[in-house]
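# Coordinate inspection notes
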Amino acid sequence: MNPYSLLKMSDLSNEDIFSILHDAKLFDNSRKDWQLPMQNALVANLFFEASTRTHFSFESAQLQLGCKVADFQAGSSSVTKGETLYDTVKTFESIGYGCVVIRHSQDEYFEQLKDIRIPIVNAGDGKGNHPSQCLLDLLTFYNEFGTLSGLKVLITGDISHSRVAASDKEALERLGSTVRFAGPKEWEREGYPTMDFDEGIQWADVVMMLRIQKERGASLQGMSDGEYLEKYGLTKERYSHMQDHAIICHPAPVNRGIEIDSDLVEAEKSRIFTQMHNGMLVRKAIIKRAFGFAPFEEGQK
Ligand code: CP
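Owing to the predicted nature of the structure, the values given are computational and were not obtained by experimental measurement.

In terms of regular secondary structure, the chain is built from nine helices and eight strands. For 301 residues, the compact-globule estimate of 2.2 N^0.38 gives 19 Å, and the C-alpha radius of gyration of the chain, at 19 Å, lies within 12% of that figure. Counting only C-alpha atoms and orienting by the principal axes, one finds that the chain spans roughly 55 × 50 × 30 Å. In the chain, buried positions account for 55% of the 301 residues. When contacts within the chain are restricted to residue pairs at least 6 apart in sequence, those whose partners lie at least 24 apart make up 75%. For the chain, the accessible area works out to roughly 12,900 Å², and carbon and sulfur atoms hold 47% of it. For the chain, the distance from the average position of its 33 positive side-chain charges to the average position of its 43 negative side-chain charges is 4 Å.

In structure tokens:
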């Protein structure tokens, strides 16, 4: 495996994480980008599962960096003729691509790609990992609170199917924050400490709502949308009990009126669209790293 691959958060040391966040912040401040020699960087985006944010913020990041980008469509490729994932990725390596970004519904699909030499960036694997989402969450929290240590983060909803919950838990705990989980009992996950939802709302610095992942077999368990919102969602009443400084996050896509009242998606405390902007920035830093460019130095303008 290439050392610049990013498959899961445990691939990154704490120092690596802060380097990526630092690069992302510099990308934001400079707006017009760094003159990185990336004109000959060929990158392919292989999305085997639906995506809006991750797919197109990677593409936006790549294009802004000057990469040449191929957008792979599985449905019109030789995957329909029985080509394996390994053979698809090996093909991109063989024909000159320098990096692939992959989203796939299979947990840890990358285990079958150990012999690939070019860097692989994981854009989400089943219920497993979503490292670029985790990094954009970390950037959002860091920008808000100036630290990733000592934060109290409540993640609530469909925990059992969530790769975001898994990646964020691993990284935040390692960086010194406390993460608690809430939601229907059926979606609890072993090793994920729970907390009463309404107590958590008053406790948390960050309230992160999760979507019910119907594509992975989750359902509202007989409840109507309104009943779910009332019992497990972020209502205006619950919003009014959040701490003054606390923020709402959501990896999105949002199912308005189910896990969150539609009017709260752009409420004062919401950072949902800020997260998406930060996603483009951290993905610039991830692609820069994948092509072997060292982190920008402290203070570099
Ligand atoms: N948060 C996230 O992964 O969104 P997409 O599925 O739209 O990429």
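Ordered in space as β6-β5-β7-β8, the four strands form an open sheet in which the pairing is parallel. One side of each edge strand has no neighbouring strand; the edge strands of this open sheet are β6 (178-182) and β8 (247-249). Across this sheet, the average inter-strand angle for adjacent strands is 20°, counted without regard to direction. Bridge count between strand β5 (residues 152-156) and β6: five bridges; the pairing is parallel.

So, about the sheet that holds strand β4 (residues 120-125). On the basis of which strands lie adjacent, the open sheet formed by four strands has the order β2-β1-β3-β4 and parallel pairing. The open sheet terminates on both sides in strands that have one partner only, identified here as β2 (68-72) and β4. Between one strand axis and the next, the sheet turns by 15° as a mean value, whatever way the strands run. Both strand β3 (residues 99-104) and β4 contribute to a ladder of four bridges, which runs parallel.

With that settled, the discussion passes to helix α1 (residues 14-30). Relative to the 24 Å expected for 17 residues at 1.5 Å per residue, α1 spans 25 Å between its end C-alpha atoms, a close match to the ideal helical length. Listed in full, the buried residues belonging to α1 are I17, I20, L21, H22, D23, A24, L26 and F27. Those residues of α1 hidden inside the fold are in contact with α2 (53-65), α4 (131-145), α5 (163-174) and α9 (272-290).

Counting residues in hydrophobic clusters, the biggest one holds 54 residues, and the most contacted among them are L135, L138, F141 and I155. Residue contributions to this core peak at seven residues, all from α9. Beyond its immediate stretch of four places on either side in the chain, F141 contacts G146, T147, L148, L151, V153, L172, V206, M208, I247 and C249.

Take the packing of aromatic side chains next. According to the stated counting rule, one finds nine aromatic pairs in the structure shown. On the basis of an interplanar angle of 75° and a centroid distance of 5.2 Å, the ring pair of F92 and Y97 is categorised as edge-to-face. Of the two residues, F92 and Y97, both sit in the buried class. With a centroid separation of 6.2 Å and 50° between ring planes, the pair formed by W187 and Y228 is classed as tilted. With W187 in the loop between β6 and α6 (197-203) and Y228 in helix α7 (residues 225-232), the pair connects residues that are 41 residues apart, well separated along the chain. Looking at W187, the relative accessible area reads 4%, which means it is buried. On the basis of relative accessible area, Y228 is assigned to the buried category, the value being 0%. Chaining the aromatic ring pairs together yields one cluster made of F48, F72, F92 and Y97. In this structure, K169 packs its charged tip against the face of Y192, placed 5.1 Å from the ring centre. The residue whose ring lies beneath R283 is F58, and the NZ or CZ to ring-centre distance is 5.2 Å.

Quick look at the environment of F18 now. Considering the arrangement of structural elements, one finds F18 in helix α1. Ignoring anything within four residues of it in the chain, the contact list for F18 reads Y142, L148 and L175.

What counts and how
Residues numbered from 1 in each chain as written. Predicted model: local features only at pLDDT ≥ 70, side-chain atom pairs only at ≥ 80, totals over all residues. Heavy atoms only, no water. Helix = DSSP H or I, 4+ residues; strand = E, 2+ residues; numbered from the N terminus. Rg over C-alpha atoms; globule rule 2.2 N^0.38 Å. Buried < 20%, exposed > 50% of the residue type's maximum accessible area, 1.4 Å probe, protein only. Contact = heavy atoms within 4.5 Å. Areas by Shrake-Rupley, 256 points an atom, 1.4 Å probe, with all protein chains shown as cover. Lys, Arg positive; Asp, Glu negative; His and termini not counted. Charge placed at Lys NZ, Arg CZ, Asp CG, Glu CD. Pairing = 2+ DSSP bridges. Axes fitted to C-alpha atoms, helices over the stretch in contact; angles between N-to-C directions. Expected span 1.5 Å × (residues − 1). Core = buried A, V, L, I, M, F, W, Y, C linked by side-chain atoms within 4.5 Å. Phe/Tyr/Trp six-rings, centres within 6.5 Å; stacked < 30°, edge-to-face > 60°. Lys NZ or Arg CZ within 6 Å of the ring centre and 35° of its normal.

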